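# Close look at the chain arrangement
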Amino acid sequence: MDHKPESETLRQRRKAQQDLMELKKAKQAGVTVEHTPYQDEIRPQGFVQKIAHWWYYYRVPFIGLLLVAGFAAFFCVQCAKNPNKDIRIAAFDYHYISEMHISGIQDSLSSVCPDFDGNGSALVEVINCTFEVGVSTAEQQQVKMQKLQSLVAVDTKTSLFITSADTWDYLNDLSDTGLLYAYHPFTKAFYETIDVVSDFPAPQNIGIAVKNIGGTLMEKNGEALEATRRAEIFLQALKDKGWIE
C-alpha cells in the first residue's frame, strides 16, 4: 500500500518531540546534551510547506483579524443604511398603527421636514409604541410601554409625540409640569398623503405635540434643547403645509 508522504512541518514537529524525549532522558541520567538544530530542521522547504508552517503558527491572529475587519465592515454598512435622523418622533396610542402606516407617516413627514443636518436629505424617524387594547397580548403591551417610558425618561432626541387626544391626556399625567405642549390634530390633507395598502385600518383621530422638557433633567441638556428647537420649527412647517390644526 502506498503511503502519503509526510509533510515537512509534521516531520519537524515529530523530530522536535523526539529531541525533547531524548533531552528528558539525558537529564534524568545526569547527562548534559546540547542540541543544535540544522537549518533545514527549523525552516520549512518549498512554497507549500512555508504556507502550511505560517498557517500553523499564525492562523489564530489571522482569523481574529478577519473577524475584526468583518465587524468593522458590518458597522460601516449599518451606519450607511441608518443615517442620522433630523427628527425623532414617538407614536403612542391605544389603537394599533401598523408598521406599514408608520412607514407612510415617516415618508410624508420627511417630505416637509427641514434639512437640519445639512446633509442633503431630511429624514424623520417614527418609533412605534402603539398597541390595540383588548387585542394585543399583555407581553406586547408591556414591551411597548417599556419602550415608551425609555423615550420619555432618557431619550434626548425624541422631541415629538404622535398620539390621540385620549393618550395625550395620559402622557401629560406622566410629568408634574405636563409632558407635552399643545396637541395639534392632523388634518384630512395629511391623511390623504399616507398612501399605504395594509390589512390594518388607516390611522385616524391622531395628532402631534412637542415634548416639554422644562423642569426635567433634560432642560439643560444640549442635545435635548436642540431636539426641541428642531421640533418647534418642524411643527411650524406642518402648519404652513396645512397638515395640522
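The following refers to the structure shown. (Residues numbered from 1 in each chain as written. Predicted model: local features only at pLDDT ≥ 70, side-chain atom pairs only at ≥ 80, totals over all residues. Heavy atoms only, no water.)

On a regular strand, each side chain points to the face opposite its neighbour's, so the side chains alternate between the two faces of the sheet. Burial within strand β3 (residues 158-164) is extensive, with 7 of its 7 residues counted as buried. Two strands pair when backbone bridges link them, and strand β1 (residues 87-91) and β3 are joined in this way by 4 bridges, in the parallel orientation. Counted as the bridge partner of arginine 88 is threonine 158 from β3. (Buried < 20%, exposed > 50% of the residue type's maximum accessible area, 1.4 Å probe, protein only. Helix = DSSP H or I, 4+ residues; strand = E, 2+ residues; numbered from the N terminus. Pairing = 2+ DSSP bridges.)

The full count for this structure, using the stated rule, is 5 salt bridges. For arginine 88, the salt bridge goes to glutamate 125, with nearest N and O atoms at 3.3 Å. Placement of the pair is arginine 88 in strand β1 and glutamate 125 in strand β2 (residues 124-128), with a sequence separation of 37 residues. According to the relative accessible area criterion, glutamate 125 is partly exposed, its value standing at 23%. (Salt bridge = Lys/Arg side-chain N within 4 Å of Asp/Glu carboxyl O.)

Our focus in this paragraph is the sheet that holds strand β4 (residues 184-185). Here 5 strands make up an open sheet; going across it, the order is β2-β1-β3-β5-β4 and the pairing mixed. Whereas interior strands pair on both sides, the edge strands pair on one side only; in this sheet they are β2 and β4. Two elements, β1 and β2, share 5 bridges in a ladder whose sense is parallel. Across the sheet, the residue bridging to arginine 88 is glutamate 125, located in β2.

This next bit is on the pairing of β2. Counting buried positions along β2 yields 4 of 5 residues, so the element is predominantly enclosed. For the crossover that starts at β1, traverses helix α4 (residues 99-110) and ends in the parallel β2, the hand is right-handed. (Right-handed = clockwise from strand over helix to strand, strands pointing away.)

Let us now look at unusual backbone geometry. Of note in the backbone geometry, asparagine 205 takes a positive phi value of approximately 55 degrees without being a glycine. Look at asparagine 205 and you get exposed, because its relative accessible area is 61%.

What follows is about the packing of aromatic side chains. Scanning the entire structure with this criterion turns up 9 aromatic pairs. Ring geometry for phenylalanine 92 versus tyrosine 170: centroids 5.7 Å apart, planes at 40 degrees, classification tilted. Of this pair, phenylalanine 92 sits in the loop between β1 and α4 while tyrosine 170 sits in helix α6 (residues 165-172), and the two are 78 residues apart along the sequence. Classification of phenylalanine 92 as buried rests on a relative accessible area of 0%. (Phe/Tyr/Trp six-rings, centres within 6.5 Å; stacked < 30°, edge-to-face > 60°.)

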